[in-house]
Amino acid sequence: MTNVAAPAVDTHCPYCALQCGMRLSGARVEPREFPTNRGGLCQKGWTSGALLTTAHRLTTPLVRVGGELVSASWDDALDLIARKLSALRAEHGPDSVAVFGGGGLTTEKCYLLGKFARVALGTSQIDYNGRFCMSSAAAAGTRAFGLDRGMPFPITDVTRADVVLLAGANPAETMPPFLQHVRNAANSGGLIVVDPRRTPTAEQATLHLQPRPGTDLALALGILHAVVADGHVRGDYVAERTTGFEAAWRIAAAWWPERVERVTGVAAADQRRAAALLAGADRAVVLTGRGTEQHARGTDTVSAWINLALALGLPGVAGSGYGCLTGQGNGQGGREHGQKADQLPGYRRIDDPAARAHVAGVWGVDPDSLPGVGRSAYELLDALGTEGGPKALLVFGSNVVVSAPRAGHVADRLSALDLLVVADFVLSETARRADVVLPVTQWAEEDGTLTNLEGRILRRVKSVDPPDGVRSDLSVLRGLAVRLGQPAHRFPDDPDEVFAELRRASRGGPADYSGITPERLSAGEELFWPVPDEDHPGTPRMFLDSFAHPDGRARFVPVDHSGPAEPVDDEYPLIATTGRVLQHYQSGAQTRLVPELVDAVPEVHVEVHPDTAARAGLVEGAWARVVSRRGATRARVRLVASARQDTVFLPFHFPGAQRANLLTNPALDPTSRMPEFKVCAVRLEVMT
Ligand SMILES: Nc1nc2c(c(=O)[nH]1)N[C@H]1C(S)=C(S)[C@@H](COP(=O)(O)OP(=O)(O)OC[C@H]3O[C@@H](n4cnc5c(=O)[nH]c(N)nc54)[C@H](O)[C@@H]3O)O[C@H]1N2
Ligand SMILES: Nc1nc2c(c(=O)[nH]1)N[C@H]1C(S)=C(S)[C@@H](COP(=O)(O)OP(=O)(O)OC[C@H]3O[C@@H](n4cnc5c(=O)[nH]c(N)nc54)[C@H](O)[C@@H]3O)O[C@H]1N2
Ligand code: SF4
Ligand SMILES: [Mo]
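Looking at an unreviewed UniProt entry, one finds the protein chain named Molybdopterin oxidoreductase, with Actinokineospora fastidiosa as its source organism.

Next up, the structure:
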């Protein structure tokens with residue numbers, strides 16, 4: 001049973017990057033006033049207290065014996081892991097051990113996980129689920145502005161904007177309280193939504209552009225073409241604050257709206273209307289979500305949206321801008337402090353000698369002892385158990401058996417490992433396959449720091465005691481590090497101590513947290529990074545004076561449309577796209593344990609246009625087999641008259657034979673290494 005530690009504590013929701021403010025009394029949740037949610041919560045937030053009392057909670061380490069997971073003591077479990085890791089390292093070298101992290105972990109955990117990999121294991125093989133999330137937007141943002149902070153402005157700039165373009169985002173289901181921030185735009189006739197489906201978000205829009213999945217890049221070029229052709233380019237801004245317009249325009253010049261209409265299905269008149277709405281705004285914001293980003297050309301696609309925003313003079317101007325809607329609770333902080341294959345804390349590059357010297361200094365190790373760049377998330381999973389690939393994997397905060405692309409293959413790779421260790425508080429589908437499962441504390445049972453979708457640093461506050469038998473992730477890392485021969489002081493398990501070290505490690509880096517103190521956070525200061533010293537007020541709006549490139553200018557990037565990696569054909573004539581429903585979170589490991597959410601949405605469905613369904617012999621409520629080149633999923637048919645006839649949609653929250661990711665194509669973006677979750681070729685069959 002969970003004991004109540006304090007009567008009422010102000011904290012934040014365990015799930016998405018909106019990080020709605022809530023007040024917890026034991027397991028009882030109430031919303032509270034906070035700038036992102038302004039007193040609202042979605043159904044997942046309201047019901048999140050159920051996670052604190054669920055009977056499915058893990059409370060003892062589990063070790064596989066004779067094919068079964070059986071209870072073990074902490075010492076036995078940690079000793080076993082350390083022994084196996086040491087043996088693998090001795091025989092095959094440090095890169096034989098890999099680590100997979102998550103953007104739901106607190107910043108302290110992400111930081112210590114990266115340090116653990118580089119220092120205690122000495123491995124380059126660490127990456128995380130954020131690679132599957134906002135990595136294309138991050139890559140495009142860095143390319144354009146010299147620095148990536150998802151939304152480089154506070155959410156109130158969205159609230160006040162009179163025109164908002166949402167490309168591939170469905171916040172009505174993925175961040176419901178966010179909708180109040182686009183109400184002004186909707187009421188003033190300026191909400192533009194780009195989504196192949198008529199989502200609840202699109203229902204609110206002034207203008208819904210419904211492209212064929214995988215054609216957003218062409219659409220963005222078409223709108224840019226209309227902006228230029230109709231004389232809406234902000235010439236002074238482009239001349240003073242940017243470079244590269246001519247090269248970008250040379251490509252967009254060939255994408256006149258009628259040509260774009262043939263590729264995307266979006267009427268030329270609607271493209272021109274979008275251009276005119278954006279150009280006529282006093283304050284306009286362009287925001288991208290996973291729909292436009294999770295493609296094998298996702299980075300270029302986001303660059304195309306940023307080019308549009310630059311031509312309109314939006315980025316770096318107070319009240320306007322471009323931003324990405326980061327997804328996971330700590331999707332922003334989790335991408336800055338070193339759990340990414342090419343990264344050190346403070347958003348530094350691991351292949352930068354100065355960064356290595358600084359961070360090694362904080363860690364008290366030789367810079368030359370730090371490994372180099374490792375494999376990206378899917379490439380890492382794909383290499384497991386292969387010749388030259390990692391033979392052990394430690395997973396903290398991800399359920400890859402459900403959420404990784406080509407999930408059937410990923411499950412096979414996990415089976416080929418010598419050792420799979422999963423730290424979790426529930427028995428996720430990935431944990432079920434582990435050799436050792438470590439039961440950890442969750443959200444309301446520990447303190448920690450997160451950075452929300454605005455780049456605002458906030459504190460998650462302990463409000464209940466953890467059940468007996470569980471340990472924090474920080475304590476697990478310390479326990480393993482010590483067994484691997486590290487001095488204990490190098491791996492503190494107190495979040496405040498870790499944060500103090502992180503401040504030093506991030507000092508001088510792009511994501512500089514050094515001026516953020518627990519006292520400032522507890523006092524309710526609104527701190528947006530960078531905060532380079534304790535007197536610095538933080539940076540709610542970035543780029544107002546200059547962008548982060550050496551010349552201070554933003555860069556147009558010349559990008560052209562080429563379409564999805566896997567075209568449809570006679571055998572696989574339909575496009576499957578994937579995403580979310582309101583009630584479930586990600587792989588569903590948490591929300592599939594909340595009775596109210598399971599009652600509302602118990603199983604996977606596939607959204608199909610009635611004519612498409614009829615051609616396949618399918619009716620409402622039937623079970624369909626959805627088949628791609630990589631596998632088949634079974635899903636309950638939901639007829640949707642507003643759907644595109646060439647497109648079906650499945651949520652990815654469900655396990656086993658209901659996994660949307662049995663279908664998906666792991667074609668990777670060349671820059672971000674993002675897989676193409678949003679387009680693969682499928683056919684529909686009647687289940688027999
Ligand atoms: N309920 C719920 N909320 C969540 C989450 C969750 O799992 N469940 N997860 C959180 C996380 S980590 C994230 S990343 C965010 C994601 O938040 P969103 O980006 O809003 O979520 P998705 O449903 O993945 O994708 C958004 C839309 O993209 C559309 N789409 C598909 N293909 C294309 C395309 O080619 N072009 C365009 N323009 N659109 C396309 C889909 O139809 C979908 O409506 O949500 C966060 N919030
Ligand atoms: N087809 C398709 N696939 C997708 C997507 C899509 O749109 N379509 N979206 C992708 C995106 S954007 C994302 S972000 C990924 C997310 O997919 P996953 O990485 O699988 O994310 P979660 O389901 O949140 O898994 C988190 C796991 O970690 C556990 N956990 C939570 N907090 C902690 C903690 O503090 N410590 C530890 N040790 N464990 C913790 C949870 O119980 C859960 O089992 O899915 C990606 N996969
Ligand atoms: S919108 Fe996100 S942060 Fe807010 S209650 Fe829902 S899941 Fe939690
Ligand atoms: Mo995500």
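Now that the structure has been shown, we can carry on.
Novice: What exactly am I supposed to notice about the site of ligand 1 here?
Specialist: With respect to spatial proximity, 32 residues lie near ligand 1, and among them Asp195, Asp216, Arg580, His584 and Gln586 are the closest. Arg197 places a side-chain nitrogen or oxygen 2.8 Å from an oxygen atom of ligand 1. For ligand 1, a nitrogen atom lies 2.6 Å from a polar atom in the backbone of His584. Residue assignment for the shell around ligand 1 shows that the elements contributing at least two residues are helix 7 (171-174), helix 15 (290-293) and strand 22 (574-579). When grouped by side-chain class, the residues that make up the shell around ligand 1 number nine nonpolar, 15 polar and eight charged. When residues of the shell around ligand 1 are assigned to domains, at least three fall in each of domain 3 (135-325) and domain 4 (574-686).

Novice: Which parts of the structure should I look at to understand the site of ligand 3?
Specialist: Taken together, Cys13, Tyr15, Cys16, Gln19, Cys20, Leu41, Cys42, Lys44, Gly45, Met175, Pro176 and Pro177 make up the full set of residues adjacent to ligand 3. Among the residues making up the shell around ligand 3, the classes are represented as nine nonpolar, two polar and one charged. For the shell around ligand 3, the domains that each give at least three residues are domain 1 (3-53) and domain 3 (135-325).

Novice: So what exactly am I meant to see when it comes to the nonpolar core here?
Specialist: When a protein is soluble and globular, its nonpolar side chains tend to lie buried together. The biggest cluster of nonpolar side chains holds 125 residues, and the ones touching the most others in it are Ile81, Phe116, Trp305 and Leu438. Here the element with the most residues in this core is helix 10 (residues 216-229); it accounts for ten residues. Beyond its immediate chain neighbours, meaning those up to four positions away, Phe116 contacts Leu121, Leu394, Leu477, Leu480, Ala481, Leu484 and Phe491. Judged by nonpolar contacts, the second largest core, of 40 residues, contains Tyr15, Leu51, Ala205 and Tyr585.

Novice: Is there a simple way to think about the layout of surface pockets in this case?
Specialist: Empty pockets left among the atoms are what a rolling probe the size of a water molecule brings to light. The computed volume of the largest pocket comes to approximately 500 Å³. Residue assignment for the lining of the largest pocket shows that the elements contributing at least two residues are helix 5 (135-145) and strand 15 (348-349). Sort the elements by how many residues they give to the lining of the largest pocket and helix 5 lands first, with four residues. Considered as a void within the structure, the second largest pocket measures approximately 320 Å³ in volume. In terms of lining, the second largest pocket is formed by 16 residues, of which the most central are His12, Phe34, Arg459, Leu521 and Gly524. Among the elements of the structure, strand 1 (9-12), strand 20 (457-460) and helix 24 (518-522) are those that each provide at least two residues to the lining of the second largest pocket. In the lining of the second largest pocket, the residues fall into seven nonpolar, three polar and six charged.

Novice: Even after reading the chapter, I still don't get helix 4 (residues 107-121), so can you show me in this structure?
Specialist: Along an α-helix, residues three or four positions apart point the same way, because every turn accommodates 3.6 residues. Helix length check: helix 4, at 15 residues, gives a terminal C-alpha distance of 20 Å against a target of 21 Å (1.5 Å per residue), a fit within 8%. At Lys115, helix 4 is bent by approximately 25°, the largest bend along its length. Within helix 4, 15 of the 15 residues are buried, which leaves it mostly tucked inside the rest of the structure. A positive phi of about 65° marks Gly122, the residue just after helix 4.

Novice: Would you explain the sheet that holds strand 1 in this entry?
Specialist: Consider a sheet: its strands pair through backbone hydrogen bonds, and that pairing is either parallel or antiparallel. Pairing in this open sheet of three strands is antiparallel, and the strands run 1-2-3 from one edge to the other. Each edge of the sheet is formed by a strand with only one pairing partner; in this case those strands are strand 1 and strand 3 (28-31). With strand direction ignored, the average angle separating the axes of adjacent strands in the sheet is 40°. Of the pairings in the sheet, the one linking strand 1 to strand 2 (residues 21-25) comprises four bridges and is antiparallel in character. Paired with Thr11 across the bridge in strand 2 is Met22.

Novice: Honestly, a negative patch on the surface in this entry has me stumped. Any pointers?
Specialist: There is a patch of like negative charges on the surface, built from Asp447, Asp493, Asp494 and Glu497. Relative to the helices and strands, Asp493 is located in the loop between helix 22 (473-483) and helix 23 (495-506).

Novice: Any chance you could explain the sheet that holds strand 9 (residues 191-194) here in plain terms?
Specialist: With parallel pairing, five strands are arranged side by side in an open sheet as 10-9-8-12-13. In the strand order of this sheet, the two ends are held by strand 10 (207-209) and strand 13 (321-324), each with one partner. When the angles between neighbouring strand axes are averaged without regard to direction, this sheet yields 15°. Pairing of strand 12 (residues 284-288) with strand 13, which is carried by four bridges, proceeds in the parallel orientation. Pairing of Val285 across the sheet is with Gly321, part of strand 13.

Cut-offs used in this document
- Residues numbered from 1 in each chain as written.
- Chains lettered and ligands numbered in written order.
- Predicted model: local features only at pLDDT ≥ 70, side-chain atom pairs only at ≥ 80, totals over all residues.
- Heavy atoms only, no water.
- Near = heavy atom within 4 Å.
- Polar contact = N/O pair within 3.5 Å; in protein donor to acceptor, adjacent residues only side chain to side chain.
- Helix = DSSP H or I, 4+ residues; strand = E, 2+ residues; numbered from the N terminus.
- Nonpolar A, V, L, I, M, F, W, Y, C, P; charged D, E, K, R; others polar.
- Domains from an automatic or database assignment.
- Core = buried A, V, L, I, M, F, W, Y, C linked by side-chain atoms within 4.5 Å.
- Buried < 20%, exposed > 50% of the residue type's maximum accessible area, 1.4 Å probe, protein only.
- Contact = heavy atoms within 4.5 Å.
- 1 Å grid on protein atoms, 1.4 Å probe; cavity = no way out; pocket = protein on both sides within 12 Å on 5 of 7 lines; lining within 4 Å.
- Points joined across faces, edges and corners; volume = space filled by probe spheres on them.
- Expected span 1.5 Å × (residues − 1).
- Bend = angle between axes of the 7 residues up to and from the residue.
- Pairing = 2+ DSSP bridges.
- Axes fitted to C-alpha atoms, helices over the stretch in contact; angles between N-to-C directions.
- Patch = residues over 30% accessible without salt bridge, like charges linked within 9 Å, V, L, I, M, F, W, Y side chains within 5 Å.
- Areas by Shrake-Rupley, 256 points an atom, 1.4 Å probe, with all protein chains shown as cover.
- Salt bridge = Lys/Arg side-chain N within 4 Å of Asp/Glu carboxyl O.
- Lys, Arg positive; Asp, Glu negative; His and termini not counted.
- Charge placed at Lys NZ, Arg CZ, Asp CG, Glu CD.

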